[in-house]
Amino acid sequence: MNIPDSFLPPRIDRWPARLDLLQSASGLILGLFMWLHMLFVSSILLGNHAMWTVARFFEGYFFFGYPLPWLVSAFVALIFALFATHAWLALRKFPTHWRQHMAYMRHMRAMRHEDTFLWFVQVLTGFAMFFLAPVHLYLMMAHPELIGPYESADRVWSGRMWPLYLVLLFLVELHGGVGLYRLAVKWGDFKDAIAARRKLKRLKWGLTVFFLVLGLATLAAYVKIGMEHAPHVGERYQPAAFLLPSSKDFSDAGSGGGGLNPPQPPFDKGGSRRVEGMS
Amino acid sequence: MKIIHSDVLVIGGGLAGQRVALAAKRRGLEPSILSLVPAKRSHSVAAQGGMQASLANCFKGEGDNEDVHFEDTVRGSDWGCDQRVARMFAHVAPKAIRELAAWGVAWNRVRAGEHEAVINGQRVTLTEREDAHGLITARDFGGTRKWRTCYTSDGTGHAMLYTVSDRVIAEAIPVHERQEALALIHDGHRCHGAVVRDLITGELSAHLARATVIATGGYGRIWGISTNALINEGMGAALALETGVARLGNMEAVQFHPTAILPTGILVTEGCRGDGGVLRDVDGHRFMPDYEPEKKDLASRDVVSRRMAEHMRAGKGVKSPYGEHLWLDITQLGAAHIDRNLREVKDICRYFLGIDPAKDFIPVRPTQHYSMGGVRTDYRGESQWLSGLFSCGEAACWDMHGFNRLGGNSVAETVVAGMLVGEYVADFCQSRHGDQEISTALAREFVQREQRGLEKIIANPGHENAVDLRRRMEQIMTDKVGLFRNGPDLESAVAELAELLARSGEVGVNGGLDANPELVLAYRLPRMLKVALTVAMGALNRTESRGAHFREDYPARNDRDWLNRTLACWREGDALPRLDYEELDVLRMELPPGFRGYGAKNIIDHPDTAPRQAEVDEMRAAKLDRYAVQSYLMSFKHLLPLKYRGRNERLDEPLP
Amino acid sequence: MTASRTLTFHVFRHNPRDSGGEPGVREYQVEETPGMTLFIALTRIREEHDPGLSFDFVCRAGVCGSCAMLINGRPGLACRTLTSELPGTISLFPLPGFELIADLSVNTGKWMRAMSERLQAWVHLGSEVNPNQIEAAMDPDLAEAVYELDRCIECGCCVAACGTALMRPDFVGAVGMNKLARFRLDPRDDRSDAEYYQLIGDDSGIFGCMSLLGCQDVCPKELSLQTQIAFMRRAMARQGL
Ligand SMILES: Cc1cc2nc3c(=O)[nH]c(=O)nc-3n(C[C@H](O)[C@H](O)[C@H](O)COP(=O)(O)OP(=O)(O)OC[C@H]3O[C@@H](n4cnc5c(N)ncnc54)[C@H](O)[C@@H]3O)c2cc1C
Ligand code: HEM
């Protein structure tokens, strides 16, 4: 029969399901990534060298024998995309009208219900991250090579990023923790849902506190290093015990100084390739 | 004036009303339903224990069939019922339950193999057969010889009402919620619909229909303490009574349930005793076997209630700030059973008493529970005095319960009567009699009369307080028209109620004509008093004891003089209802009057009983097939709609 | 027993059809008695102080779902709430999310009927059965599981406890999702997941739920709403793959 398609009843619209999955998946990946991220960043607590090692690791240094900072850029770009997707999907849930906002506030105050309150926390923290997180993300994307004990510490302290990071720390940990808990109750198949939820809630708060403490300690460590390193701001970290590909290249290091992100030649494999810094 | 037309106006959104509407709809008519509350909140929702139907699936139900169910029902009624109707009922109940099973009620099912049960205080092991696995199971209930009460945990009424309501929604039948029928529109011969008040806006409208069905439930709330919902105020009975032509039947037949909790009268189901619970007194003694050695705690409800009252009179009650009570003990059933099969009971104990029934005894006492009486109809559900007026469910005196209803027979009645009366309503509508011929002038007249009535209440200076009058009425009914009755008390009850009725015209109200609870009470009060008066008068006149109607001054069941049905009619302008009586014909009974087997035999026989018994015995001795015997003794199939005449299949009785 | 308290009630009073009337709160004092429920207290208030006060009680035994209201801010069934479990000052408000009739009375029935119609919340039968024949067998555990979900009393507490529903009036609420979970579990309903998806596969349905779980925490029947919603979400999400 040649009835035009448009006269047929619409097939089921699969997109709401996909978007829901996407929102959860993006949240899940972001949430788990943020925890791992925290663990990586906190390597500073084990010493400068540990942190340096982790940073270089992600540049593929230990695979290729030389760092590929664009790997980090690419990864950050991916996270950025995920972040944007997640934020865009989450926007659908925001109270967009004043009436909705008021209804929610009134309800929240009357109910005094933890999970209802926590969702509002998620909205607030999510909203704030909307503005704050891109700053960090962009920096990392643009200057992946400037991730290192001194480099990061300088950024934190001399670059005055610490207030932003302090706020982001709380935003991310609260938001991510609540988000992952929510994911579990949203999709989870538990034998005893009530008991499971109680345990999840405890776990969630435990992890949030853990990561907040870890995050604060880490930030403090960077601040401390940053303060100590302030006179040499811009000077990059040079791992002493490391056999570097070209010590000659490195002798230039630290000559710039002054700016937040002084033009620094990153690691170079045999001088064959240089990545330009910001100038 | 707003006029709304439909083919069938169903007043009442409980099980009975909604099932009637479905039947009519399926016959191609346009029904509409009125309800005081959202239909799913009707009191049918509160039925806990179960629905009787002789499926004979479970081990203790094996051998059950319509005959046994019929006989239990007639005995339960103390021979006061219409046996043909009881027959129709017993025959259709299995069909009703199977239909509900198909529609979605999650009846509990037989689990093949061994399981534990508590019978007569003893743990026993029962073995269910393999081929019954997954079929609808049943529990024990009072006054039945087989386990016949099918259930969904202890939320049977809920499961049934939700399923039937969902079908009503599926079949797009309009339910006008929060709409109250105030008066029937009629011309003295033919009912044309009702004047309806919107309980939100207060607006009156005329609902006109070919057939009008009263399915408004019981009138328990004229007693102070009742297991009934607060909306069961007998407004359906009042609607019929106020026509001045339609009659109410057996209004004095009122059941008191043995186990309602203190102080609020919330019911805990008979399923508690059916599943093995027992009654205990102040000493923890299980007293029912002392009175009823055979049926013990599972004697018929009227009997257990009276025995409890007797026992309390003998000083064995437990004293409490809310009066005396006895204990219901279900601890031996175990927490697992209670969690699974008596969940509502557990909730009620937890929320209203703060106790755990798996560990503690439940304080109970007999409490008003069920109205056997109601709008008198023929077997088709139609009033014999007002054509086009039908009634079914607890509101009706179709009369399968006589003077005492068996537990589980009521929700069964609602759906069975719904199915049958629905067909007859459709037959009526599709016949010449069902033609609608009403002038809107008549409708206007009725609406205006009600409007004036309401305006008069609002304008009243208010010498009387409605709450006080109502409390007094409730007290009178509880004290003088309760479980035990006697002449002097009933006489004073009638006199006092009549006086209250006169005073109720003086009630004044603040506020307006719209959503105003004060106004609602003011206009319902005189109607309730009228219903109360028909109950009290019926009880006063009936100088015998039968079923739930117990006269201390006339303890014998007197078949010779009282094997009849009370009919009450209230002519306009009269101060009291007029009573007359409809004889029950012993010579046409399949089960002639006999001894129910409780207490000492105290019966004054009807002269026809012996000859009829001889006929019946002879027939039974012939050892014919049970269907043949039955049809010879009292044929009834021809009364049923064609579609419901077929035999019921059972595991042991395959269809021919 | 402790000395009896005098309870102070703050009760919402408003009749939306009364053109001049402003919503307000009235205060009443009631002597507490042993075993007093909010049903008893409100009845006393109506009988002794304010005969025009509107509220809905039907079964007064916690089974019909009529009397849900906000009790000190939380939705609950008033009839089975003992005053002894509440502080001396009790605030009572009508359930949000539903049309106000007057005072504490809201039109849950209308909402529920609309929800049922929209979700086609009834068993969709393949064909009518012959009621003379033995019923189709059903696994006993399955029957119990279906009843478990069937215990919803449509009181509206879950809707009033749901931030999503209050922000988005077209949201079906836990009551709706639980109903479809019930019918999906029921072998007598012959709908496929694609058909359920048509009914709730969007943001006013299952994907609109933000898992705030107010529903789970206030449901008077303690239904496993969290589990049912997650279950439906998984089933419906599979349709998107
Ligand atoms: C606590 C309790 C437990 C019970 N347990 C069982 C049991 O286990 N087994 C059993 O068989 N029976 C039981 N019963 C009895 C049984 O539940 C009822 O008899 C039966 O459900 C009545 O159904 P119905 O449809 O006739 O009336 P109802 O369900 O009472 O419905 C009456 C309807 O009429 C409407 N209505 C009333 N007046 C008006 C008016 N003026 N205008 C418009 N609408 C009006 C109401 O809104 C309501 O919708 C129990 C009863 C109680 C009280
Ligand atoms: C602009 C940034 C962000 C915004 C606006 C935002 C907003 C939101 C909102 C409103 C929700 C609730 C969604 C719902 O209830 O359905 C949510 C869920 C979630 N968010 Fe974010 N978020 C952002 C960034 C992040 C980040 C960086 C992480 C990682 C830590 C994260 C992890 C999660 C998780 C795991 C969930 C639960 C997902 C779900 O419920 O399906 N979010 N987000």
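This one's a predicted model, so the numbers in the text were calculated from it and none came from an experiment.

1. Focus: the pattern of salt bridges
Residues and elements named next belong to chain B.
Inference 1: Going through the model one piece at a time under the given rule, you end up with 108 salt bridges over all chains.
Inference 2: Here Glu 496 and Arg 472 are joined by a salt bridge, their closest N and O atoms 2.9 Å apart. Here Arg 472 lies in helix H13 (residues 466-480) and Glu 496 lies in helix H14 (residues 487-504), a separation of 24 residues in the sequence.
Inference 3: Salt-bridge contacts for Arg 546 lead to Asp 559; the nearest nitrogen and oxygen are separated by 2.8 Å. In this pair, Arg 546 is assigned in the loop between helix H15 (517-541) and strand S19 (557-558) and Asp 559 in helix H16 (residues 559-562), connecting sequence segments 13 residues apart. Each member of the pair, Arg 546 together with Asp 559, is buried.
Inference 4: Salt bridges sharing common partners tie together Asp 78, Glu 252, Asp 302, Arg 306, Arg 542, Glu 544, Arg 546, Arg 557, Asp 559 and Arg 596.

2. Thoughts on the domain arrangement of chain C
Many authors give the size of an interface as the accessible area that is lost as the parts come together.
Residue and element names in this part refer to chain C.
Inference 1: According to the domain assignment, chain C contains domain 1 (6-105) and domain 2 (108-239).
Inference 2: Using C-alpha coordinates to define each centre, domain 1 is positioned 29 Å away from domain 2.
Inference 3: Interface of domain 1 and domain 2: buried area, both sides summed, is about 1,200 Å²; carbon and sulfur atoms make up 65% of it.
Inference 4: Between the two partners, domain 1 and domain 2, sit 1 salt bridge.
Inference 5: Across the domain 1-domain 2 interface, the total number found is 3 residue pairs in polar contact (both at pLDDT 80 or more).
Inference 6: The leading source of residues in the side of domain 1 that touches domain 2 is strand S4 (residues 74-77), at 4 residues.
Inference 7: Here the residues of the side of domain 1 that touches domain 2 are counted per class, giving 8 nonpolar, 4 polar and 3 charged.

3. So, the site of ligand 2
Inference 1: Near ligand 2, the surroundings consist of 25 residues, among which Gln 23, Ser 24, His 86, Trp 119 and His 175 of chain A are the closest.
Inference 2: Ligand 2 sits at a junction of chains, with neighbouring residues supplied by chains A and C.
Inference 3: Within the side chain of Trp 119 of chain A, an N or O atom sits 2.7 Å from an oxygen atom of ligand 2.
Inference 4: Tallying contributions element by element places helix H1 (residues 15-41) of chain A first for the shell around ligand 2, with 7 residues.
Inference 5: Per-class residue counts for the shell around ligand 2 are 13 nonpolar, 10 polar and 2 charged.

4. With respect to the interface of chain A and chain C
Inference 1: If you look at the interface, chain A gives 36 residues, while chain C gives 39 residues.
Inference 2: Ranking the residues of chain A by area buried against chain C places Ile 12, Met 111 and Trp 187 of chain A at the top, with a combined share of 17%.
Inference 3: Linking chain A with chain C are 4 salt bridges.
Inference 4: Where chain A touches chain C, the interface holds 21 residue pairs in polar contact (both at pLDDT 80 or more).
Inference 5: Looking at the side of chain A that touches chain C, the elements with two or more residues in it are H1, helix H5 (98-111), helix H6 (114-142), helix H8 (162-187) and helix H9 (193-229) of chain A.
Inference 6: Ranked by residue count, the leading element in the side of chain A that touches chain C is H5 of chain A, at 7 residues.
Inference 7: In the side of chain A that touches chain C, the residues fall into 18 nonpolar, 5 polar and 13 charged.

5. Focus on the interface of chain B and chain C
Inference 1: Taken together, the contacts link 81 residues of chain B with 74 residues of chain C.
Inference 2: Taken together, the two surfaces of chain B and chain C that pack against each other cover about 6,000 Å², and 51% of this comes from carbon and sulfur.
Inference 3: Where chain B touches chain C, the interface holds 14 salt bridges.
Inference 4: One can count 40 residue pairs in polar contact (both at pLDDT 80 or more) joining chain B with chain C.
Inference 5: Counting only elements with at least two residues in the side of chain B that touches chain C, the list comes to helix H3 (83-103), helix H4 (156-170), strand S7 (175-177), helix H10 (343-353), H13 and H15 of chain B.
Inference 6: Ranked by residue count, the leading element in the side of chain B that touches chain C is H4 of chain B, at 8 residues.
Inference 7: Split into classes, the residues belonging to the side of chain B that touches chain C amount to 38 nonpolar, 19 polar and 24 charged.

6. So, the site of ligand 1
Residue and element names in this part refer to chain B.
Inference 1: Lining the immediate surroundings of ligand 1 are 40 residues, of which Ser 42, Ser 44, Glu 394, Ser 410 and Val 411 lie closest.
Inference 2: Gly 14 has a polar backbone atom sitting 3.4 Å from an oxygen atom of ligand 1.
Inference 3: Gly 49 is positioned with one of its backbone polar atoms (N or O) 2.8 Å from an oxygen atom of ligand 1.
Inference 4: Of all elements in the fold, only helix H1 (15-26), strand S2 (31-35), strand S8 (179-186), strand S15 (362-371) and helix H11 (409-429) reach the threshold of two or more residues within the shell around ligand 1.

7. Here we look at the coordination of the iron atom of ligand 2
Residues and elements named next belong to chain A.
Inference 1: Listed as protein donors to the iron atom of ligand 2 are His 86 (NE2) and His 175 (NE2); their distances from the metal cover 2.0 Å.
Inference 2: Coordination at the iron atom of ligand 2 comes from 6 donor atoms whose angles at the metal span 84 to 179 degrees, giving a geometry best classed as octahedral. Here the residue His 86 occupies a position in helix H4 (residues 69-91), and His 175 occupies one in helix H8, the gap between them amounting to 89 residues.
Inference 3: On the basis of relative accessible area, His 86 is assigned to the buried category, the value being 17%.

8. Considering the sheet that holds strand S11 (residues 248-249) of chain B
Residues and elements named next belong to chain B.
Inference 1: The strand order S18-S16-S11-S20-S21 describes an open sheet built from 5 strands, whose pairing is mixed. Each edge of the open sheet carries a strand with a single partner, namely strand S18 (396-397) and strand S21 (578-583).
Inference 2: Here S11 runs beside strand S20 (residues 564-569); their pairing, made up of 2 bridges, is antiparallel. Among the inter-strand pairings, Leu 248 is bridged to a residue of S20, identified as Ala 568.
Inference 3: Along the sheet, H15 makes contact with S11, S20 and S21, crossing S21 at roughly 55 degrees.

9. A closer look at the packing of aromatic side chains
Residues and elements named next belong to chain B.
Inference 1: Scanning the entire structure with this criterion turns up 30 aromatic pairs over all chains.
Inference 2: Ring centres of Trp 223 and Phe 256 lie 6.4 Å apart, and the angle between their planes is 90 degrees; on these two criteria the pair is classed as edge-to-face. Note that Trp 223 is positioned in the loop between strand S10 (204-214) and helix H5 (235-241) and Phe 256 in strand S12 (residues 254-261), a separation of 33 residues in sequence. Taken individually, Trp 223 and Phe 256 each receive the classification buried, so the pair is uniform in this respect.

10. What about the arrangement of the chains?
Inference 1: Once contacts are tallied for each of the 2 pairs of chains in contact, the highest total is for chains B and C.
Inference 2: Where chain A comes nearest to chain B, the C-alpha atoms are still 16 Å apart, and the two do not contact one another.

11. With respect to the sheet that holds strand S2 (residues 24-31) of chain C
All names here are of chain C.
Inference 1: What the 5 strands build is an open sheet, ordered S2-S1-S5-S3-S4; its pairing is mixed. Of all the strands in the sheet, the pair left with one neighbour each is S2 and S4. Taking the axes of each pair of neighbouring strands and ignoring which way they run, one obtains an average angle of 35 degrees across the sheet.
Inference 2: Here 2 bridges tie strand S3 (residues 68-71) to strand S5 (residues 89-93), and the two strands are oriented antiparallel to one another.

12. Description of H14 of chain B
Structurally, the α-helix is built with 3.6 residues per turn, so residues lying three or four positions apart point the same way.
Residues and elements named next belong to chain B.
Inference 1: Compared with an ideal rise of 1.5 Å per residue, which puts 18 residues at 26 Å, H14 spans 25 Å between its outermost C-alpha atoms and is within 8% of the ideal.
Inference 2: Of all the residues in H14, the buried ones are Gly 487, Leu 490, Ala 493, Val 494, Leu 497, Leu 500, Leu 501 and Ser 504. An end-on view of H14 places all buried positions within 150 degrees of arc, on one side of the element. In H14, the exposed residues that point more than 90 degrees away from the buried face are Pro 488, Glu 491 and Ala 502.

13. Structural notes on the side chain of Asn 228 of chain B
All names here are of chain B.
Inference 1: With respect to the element layout, Asn 228 can be found in the loop between S10 and H5.
Inference 2: On the basis of relative accessible area, Asn 228 is assigned to the buried category, the value being 2%.
Inference 3: At a separation of 3.2 Å, a polar atom in the side chain of Asn 228 contacts the main-chain amide nitrogen of Gly 220.

14. Examining the environment of His 186 of chain B
All names here are of chain B.
Inference 1: Along the chain, His 186 falls in strand S8.
Inference 2: Sequence separation between His 186 and Phe 446 is 260 residues; the distance between their C-alpha atoms is 8.7 Å.
Inference 3: If we skip the residues at most four places from it in the chain, His 186 touches Cys 191, His 192, Thr 243, Val 245, Leu 386, Leu 442 and Phe 446.
Inference 4: A polar contact is formed between the side chain of His 186 and the backbone nitrogen of Gly 188, at a distance of 3.0 Å.

Cut-offs used in this document
- Residues numbered from 1 in each chain as written.
- Chains lettered and ligands numbered in written order.
- Predicted model: local features only at pLDDT ≥ 70, side-chain atom pairs only at ≥ 80, totals over all residues.
- Heavy atoms only, no water.
- Salt bridge = Lys/Arg side-chain N within 4 Å of Asp/Glu carboxyl O.
- Helix = DSSP H or I, 4+ residues; strand = E, 2+ residues; numbered from the N terminus.
- Buried < 20%, exposed > 50% of the residue type's maximum accessible area, 1.4 Å probe, protein only.
- Domains from an automatic or database assignment.
- Buried area = accessible area lost by both parts, 1.4 Å probe.
- Polar contact = N/O pair within 3.5 Å; in protein donor to acceptor, adjacent residues only side chain to side chain.
- Nonpolar A, V, L, I, M, F, W, Y, C, P; charged D, E, K, R; others polar.
- Near = heavy atom within 4 Å.
- Contact = heavy atoms within 4.5 Å.
- Donors = N, O, S within 2.8 Å, 3.2 Å for Na, K, Ca; no water.
- Tetrahedral: all angles 85-135°; square planar, octahedral: opposite > 155°, others 65-115°.
- Pairing = 2+ DSSP bridges.
- Axes fitted to C-alpha atoms, helices over the stretch in contact; angles between N-to-C directions.
- Phe/Tyr/Trp six-rings, centres within 6.5 Å; stacked < 30°, edge-to-face > 60°.
- Expected span 1.5 Å × (residues − 1).
- Arc of directions from axis to C-beta.

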